[in-house]
Amino acid sequence: GHDPNWKIRKIVDEARETIQQENLPQKPLYNGDKILVCVRTRPLLPKEAKNLDFKVISFPSDEHIVVHDVKKAVDNALKLEDVKFKFDFAFDDCVTNEEVYRRTLMPLLDSLFSGNGKISMFAYGQTGAGKSYTMMSIFGQTVRDLFVAMHSDSLYKHLNLKLGVSFFEVYQGKVFDLFANRSQLDVLEDSDGTIHLRGLAELPANTPDQVLDLLDRGQKMRATRSTEMNDTSSRSHAILKVILRNAKDEVHSHLSLIDLAGSEKGSETPNSDKQTRNEAAEINKSLLTLKECIRSLGMDSSHVPFRGSKL
């Protein structure tokens, strides 16, 4: 059939052929940085393929991406601008969930056993980008490896750790327990500045399958809605907390896996109703606060604006 974008496609294809593959030395999976930022692209959706859309990203190395941006000049001529971005890891749409896990979260798990370890992993991106798809797989692989380390690994077996799970969501500036029928939780701060969610359920789990069953149960309680970008868009930020406790029932370490709600530009959802627009505004506000917090942490700033959002 007729391809209305054939000229742009031709320019992008030619640009992609000129991209030099950079043979960088194999980098360590974790180099001790406080914050790692990775990017993953998804395959074309069926409706995009039907519209004859095409990919405009190239991967010259495992830490760079190039976006081939074709713009129309004043005289209607097409002009190519290549924009290059650098990340800790860049994954193309052929990379499996297993490989993403192996190179991102897996190298950090040992720190949970050394005591007082805290890891947070966020999935951020536009609605329909595949965040939940990636995170659900990583959840599963993580709990399997944690149980192996706790019970089979001679290095950590002597710690006699127990594993508990909490699962809650932040929706419209309120916090709900996904293990307790979405009951609303109070967010309280103690004199040390530690945040507590009063009444949050922490359920014990003895096998990976138990954790995954709990996760599945909680996932069904999440606030989702069909948007113009995605049929089952997550409209809340979901936080799965895995807590390791010692024989005295004290917290040894914890891991937070955060599946953020999808960001959307208003121009991409012009026909949405008032509630959907309010949800989008609240989501974007909380994501902006998160960005400012991460920026402050990365710059070792004395002030981190945590109070800007419930998230």
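Residues numbered from 1 in each chain as written. Predicted model: local features only at pLDDT ≥ 70, side-chain atom pairs only at ≥ 80, totals over all residues. Heavy atoms only, no water.

Novice: Can you help me understand the pattern of salt bridges in this one?
Specialist: When the charged atoms of two side chains lie near each other, side chains of opposite charge can form a pair. As enumerated under the stated definition, the model contains 22 salt bridges in all. Between Asp62 and Arg103 there is a salt bridge, with the nearest N and O atoms lying 2.8 Å from each other. Of the two residues, Asp62 is situated in the loop between β2 (57–61) and β3 (64–72) and Arg103 in helix α3 (residues 97–103); the sequence distance between them amounts to 41 residues. What makes Arg103 buried here is its relative accessible area of 10%. (Salt bridge = Lys/Arg side-chain N within 4 Å of Asp/Glu carboxyl O. Helix = DSSP H or I, 4+ residues; strand = E, 2+ residues; numbered from the N terminus. Buried < 20%, exposed > 50% of the residue type's maximum accessible area, 1.4 Å probe, protein only.)

Novice: What is the right way to look at the confidence of the model for the protein in this model?
Specialist: Interpretation of this model should avoid reading the predicted coordinates in detail wherever pLDDT is low. When pLDDT is averaged across the protein, the result is 87; 93% of the residues are at 70 or more. Mean pLDDT across the elements of the protein bottoms out in strand β12 (residues 224–225) (62) and peaks in strand β11 (residues 203–205) (96). Confidence drops under a pLDDT of 50 for residues 228–232, and excluding neighbours within four residues, the segment shows 19 contacts in the predicted structure. (pLDDT = per-residue confidence, 0-100. Contact = heavy atoms within 4.5 Å.)

Novice: Please clarify how the sheet that holds β2 should be interpreted in this entry.
Specialist: The strands that make up a sheet are held in pairs by hydrogen bonds between backbone atoms, and each pair lies either parallel or antiparallel. A sheet is described by the order of its strands in space; here three strands give the open sequence β2-β3-β4, paired in antiparallel fashion. Two strands bound the open sheet, and with one partner strand each, they are β2 and β4 (78–86). Pairs of neighbouring strands in the sheet enclose a mean axial angle of 30°, with direction left out of account. As defined by bridge partners, β3 adjoins β4 across nine bridges and the pair is classed as antiparallel. Bridging across to β4, Lys72 finds its partner in Leu78. (Pairing = 2+ DSSP bridges. Axes fitted to C-alpha atoms, helices over the stretch in contact; angles between N-to-C directions.)

Novice: How should I be thinking about the nonpolar core in this particular structure?
Specialist: Across soluble globular proteins, nonpolar side chains show a tendency to be buried alongside one another. Residues Leu105, Phe113, Leu146, Leu163, Leu240, Leu255 and Leu257 are the most contacted members of the largest nonpolar core, which totals 39 residues. Looking at this core, the elements that each hand over two or more residues are β5 (89–91), α3, β6 (118–123), α4 (131–151), β7 (162–171), α5 (208–220), β14 (237–245) and β15 (251–259). Counting residues per element, this core draws most heavily on α4, which supplies eight residues. The contacts of Leu257, once residues within four sequence positions are left out, are Leu105, Met121, Met135, Phe139, Ala238, Ile239 and Leu240. Counting twelve residues, the second largest nonpolar core, distinct from the first, contains Phe168, Val175, Ile283 and Leu290. (Core = buried A, V, L, I, M, F, W, Y, C linked by side-chain atoms within 4.5 Å.)

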